[in-house]
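Next come the chains, spelled out residue by residue.
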Amino acid sequence: MKKTIRFLWIIMGSLAISLVMTLMSARADDIKSYTQPFQNNTTTLSGKSVTANMYFTKIDYWDLKTATLNLNYKVSQLAANQSSDITISINGVKFYSFRPAIKSGMQTKQIKIPVRLINGSDNLKIYGQIINQTKDNTALAQTPANWLTLYKGSNVNFQYNLKQPDFKINSFYNHFSGADTISWGQSVIAIPKNASNGELTAATYALAGQTRTLNTDTDQLPLTSFGNAKAKNANYKIIVALYKNLPKKYQSQIKVDDVRNNGFLKLIYNNDKHILIVTSQKLKLLQKAAKFVANSELMEETQSSTEKISDGTQTYSSTLNYNGSASLTSKGQKVTGAGHQEAEFFISLPSSRTNSAGSKIRLHLRYAKNLNFKNSLATVYINKKIVGSHRLSLSKADNDTFTLTLPANLKLGNSLVVRVALDLAPRSTANTDNADTPWAYIESDSKAYIKSQDKNDLLFSNYPSLFIRNRTYNQIAVVRPKKLSNYDLQTITNIFNLIGVYAESNTGSIKFYTKKPSTKVLQNKNLIVFGTPKSNSFIKELNHSLYFKFSKSFKGFVSNEKLSIEKKYGENIGTDQLLRSPYNKNLGLLVVTAAHSQDVYMATTQINFQKNIVQHSGDAIIVDQNNNLYNYRFKKNAVLNKKIAIKQNIQTNGKLYIYILMALFIAIILGVTIILLLLKNKKSSGKVRQKYEE
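Anyway, here's the lowdown on the structure attached to this text. Model, not experiment: these values are computed from the prediction.

Burial analysis of helix H14 (residues 597-604) places 6 of its 8 residues in the buried class, the great majority of the element. Burial in H14 covers these residues: Asp-599, Val-600, Tyr-601, Met-602, Ala-603 and Thr-604. The inward-facing, buried residues of H14 contact helix H10 (486-502), strand E31 (526-531), strand E32 (573-580), strand E33 (588-594) and strand E34 (620-624).

Shown next, in the form of structure tokens:
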């Protein structure tokens, strides 16, 4: 009996332990992990005292447990390990300091960030004092050998539990568009397998509207069909379809009256999946409902589980919050210490911006009055290129403002690093690092003013500006295969991922076609044509205009003056070709094609993210199945619209033209004056001669 009781206790104990372990395992499985990289490029800061800013965001539906900074850096091999140090602060609060190991090669430091100090948007600041070794422990004058390099790839890793969304459209949208949700492949936009052009247009509006709000150059929101594995596995889905094409299980949950004369949004929770249905009986209203979904402000404001969109509903989105200026620092920044000090600021700009003549950096400084002003200077760098310098002065120490104009040919991209180097020469010869040493303060109203202009060169270095005008879609006509494969949907995803980033508004026009559009469309639209010659017959008609042409059998590409192409190789490469439209010389044509749809998709992997397109400066790209990339330029004159080019030339060289006009005006005045003087002298000579003859 005792043995039986003991055996039962053992079994019960084992079951209890197993249950506890299962619960602990389940609880551990609830912990999510997401790594958010900093957008900063690799930069080197010089001087004894250096500062750099980095930014990251905590998503509001996280129940944050831990946050870890992974800092990749390198310090001068000459640095003194007992004097050099690095300090980390978050949102102005310092929380960690360490002495870097003095050794060659990149180092990585993992640092726990106090969760209580983390807000939604966060500023991480790196302070460094890099002092070189000396034999007699005396302070060493600053040289270029005092440096700290911060490498791209530094990041913050978050460990957290997910807060489940409320049964409201705004809560669903918050999770659906979350960087972690998209990174895990848990967000999709789904359409019917044989979607009509109107349904595809609506889905593309929703897709492009989402991509403009994403802060990543590695993950994207996929467009797929209902039955695809991605759609089945995703926890957050937006389904775009006419009411008659909805799956029966969703159609049965929507009343016909709700979709008869309205676009309709309905949130559904089914088998742990969160689904937003976007539907209508009319294509026009379906597309309007999709534009509602593309408007992040409207989606974030909708606190119900359904929404009706009528003809009168205003769905156009405001442009992103950017008025041509960007602050360097939100709270100001102080630097201290004698000699060369540096502060670095990272600025993210809308991707559609391009530097034009007149872009400026305005700095507002305060600094100590105990400087040797003959040797004290402020120098500004943009992306490692010097922009200009300004001498500090005693009379302006309490309020010194100066503006530097950026070179018109300085390319900025969608981000820039502004580095302010301050040479704070003390009056005395002593070099000490205490509270009385020289200091400078960069005020919070210091800004970068970036002027923009329409990009007018038909090259991939300016892509996709051809398809963007006035910050929205520029009359885009897309000719696609009649039947869409999974590769074709991935191709659409890639093409509109980058176009969507550049579109700040959803008011422009995108329209899909399954065959050659009408002459009116061809003459008035910028064209995107993708697919194989077999799946899209319009490509056969365009073949004579292509830089890389298909063979007569259309089974592969043939050689041209830029590249010799072996027959089998030509059957397994994809191309992106940016052409002048054969139907209107002032419009453009993008052709993405190959002999196989997989290679068409591979070609679009070079035009899907900004980090990929910047590698290409020509008008034709080749991608093979080994991911080898080739870039070619065929056009000698890449200017698309000559009228715009003339206007931009006048804007860029405005001052030069003013000086030329002034010179011409002065020359004309001098010429007229000389002629009048000559005439006067001639008249006077005639009178004298007449008087003499008398």
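Time to look at the sheet that holds strand E8 (residues 121-129). Across the sheet, 8 strands lie side by side as E6-E5-E8-E3-E19-E24-E21-E22; this open sheet has mixed pairing. In this open sheet, the two strands that pair with only one neighbour each are strand E6 (93-98) and strand E22 (385-391). Taken over all neighbouring pairs, the strand axes of this sheet differ in orientation by 20° on average, direction set aside. Taken together, the 6 bridges between strand E5 (residues 85-90) and E8 define a ladder with antiparallel strand orientation. Of the residues in E8, the one forming a bridge with Ile-88 is Ile-126.

Turning our eyes to something else, we now look at the pattern of salt bridges. The final tally for this structure, using the stated rule, is 10 salt bridges. Where Asp-63 meets Lys-65, a salt bridge forms, and the shortest distance between an N and an O atom there is 3.2 Å. Since its relative accessible area comes to 34%, Asp-63 is described here as partly exposed. For Lys-65, a relative accessible area of 39% gives the class partly exposed.

The next thing to look at is the sheet that holds strand E35 (residues 629-632). Strand order across the open sheet formed by 7 strands is E30-E29-E31-E33-E32-E34-E35, with mixed pairing between neighbours. In this open sheet, the two edge strands, each paired with only one partner strand, are strand E30 (510-513) and E35. Strand-to-strand, the axes of this sheet are offset by a mean angle of 15°, without reference to chain direction. Here E32 pairs with E33 via 7 bridges, running antiparallel. Bridging across to E33, Asp-576 finds its partner in Val-592. Of the strands in this sheet, strand E29 (476-479), E30, E31 and E33 touch H10, which is tilted by about 150° from E31.

Now for the packing of helix H4 (residues 197-211) against helix H8 (residues 283-293). Between H4 and H8, whose axes approach to 8 Å, the crossing angle comes to 10°. Taken as axis vectors, H4 and H8 run roughly parallel relative to one another. On the side of H4, the interface is formed by Gly-198, Glu-199, Thr-201, Ala-202, Tyr-205, Ala-206 and Gln-210, while H8 contributes Leu-283, Leu-286, Gln-287, Ala-290, Lys-291 and Val-293. Of the residues in the contact of H4 with H8, the class split is 7 nonpolar, 4 polar and 2 charged.

With that settled, consider a nonpolar patch on the surface. The grouping of Ile-660, Leu-661, Leu-664, Ile-668, Val-672, Ile-675, Leu-676 and Leu-679 at the surface amounts to a nonpolar patch, some 770 Å² of accessible area in total. Looking at the element boundaries, Val-672 is found in helix H17 (residues 654-693). Owing to a relative accessible area of 43%, Val-672 belongs among the partly exposed residues under this scheme.

Right, let's get into the environment of Arg-580. You can see Arg-580 is positioned in strand E32. Accessibility expressed as a relative area gives 29% for Arg-580, which makes it partly exposed. Sequence separation between Arg-580 and Ala-638 is 58 residues, and the spatial gap between their C-alpha atoms is 8.8 Å. Setting aside residues no more than four positions away along its own chain, Arg-580 makes contact with Leu-458, Lys-585, Leu-587, Lys-635, Asn-637, Ala-638, Val-639 and Leu-640. Within polar-contact distance, the side chain of Arg-580 engages the backbone oxygen of Asn-637 at 2.9 Å. Among the polar contacts listed, one links the side chain of Arg-580 to the backbone oxygen of Val-639, at a separation of 2.9 Å.

Here we come to the side chain of Lys-288. Structurally, the position occupied by Lys-288 is in helix H8. The buried charged residue Lys-288 lacks any salt bridge, with Asp-311 as its nearest oppositely charged partner at 5.5 Å.

This part covers the environment of Ile-31. Within the element layout of this structure, Ile-31 appears in the loop between helix H1 (2-30) and strand E1 (32-37). For Ile-31 and Gln-159, which are 128 residues apart along the polypeptide, the C-alpha to C-alpha distance reads 6.4 Å. With near-sequence residues (within four places) excluded, Ile-31 lies in contact with Lys-65, Gln-159, Tyr-160 and Asn-161.

This next bit is on the pairing of strand E11 (residues 187-191). For E11, a buried count of 5 out of 5 residues is recorded, marking the element as mostly surrounded by other parts of the structure. With burial as the criterion, each face of E11 is covered, one bearing Ser-187, Ile-189 and Ile-191 and the other bearing Val-188 and Ala-190. As defined by bridge partners, E11 adjoins strand E13 (residues 236-242) across 4 bridges and the pair is classed as parallel. Among the inter-strand pairings, Ser-187 is bridged to a residue of E13, identified as Tyr-236. Two strands pair when backbone bridges link them, and E11 and strand E12 (residues 223-225) are joined in this way by 3 bridges, in the parallel orientation. If you follow Ala-190 over to E12, its bridge partner there is Thr-224.

Basis of the calculations
- Residues numbered from 1 in each chain as written.
- Predicted model: local features only at pLDDT ≥ 70, side-chain atom pairs only at ≥ 80, totals over all residues.
- Heavy atoms only, no water.
- Buried < 20%, exposed > 50% of the residue type's maximum accessible area, 1.4 Å probe, protein only.
- Helix = DSSP H or I, 4+ residues; strand = E, 2+ residues; numbered from the N terminus.
- Contact = heavy atoms within 4.5 Å.
- Pairing = 2+ DSSP bridges.
- Axes fitted to C-alpha atoms, helices over the stretch in contact; angles between N-to-C directions.
- Salt bridge = Lys/Arg side-chain N within 4 Å of Asp/Glu carboxyl O.
- Parallel < 35°, antiparallel > 145°, perpendicular 65-115°, else oblique.
- Nonpolar A, V, L, I, M, F, W, Y, C, P; charged D, E, K, R; others polar.
- Patch = residues over 30% accessible without salt bridge, like charges linked within 9 Å, V, L, I, M, F, W, Y side chains within 5 Å.
- Areas by Shrake-Rupley, 256 points an atom, 1.4 Å probe, with all protein chains shown as cover.
- Polar contact = N/O pair within 3.5 Å; in protein donor to acceptor, adjacent residues only side chain to side chain.
- Lys, Arg positive; Asp, Glu negative; His and termini not counted.

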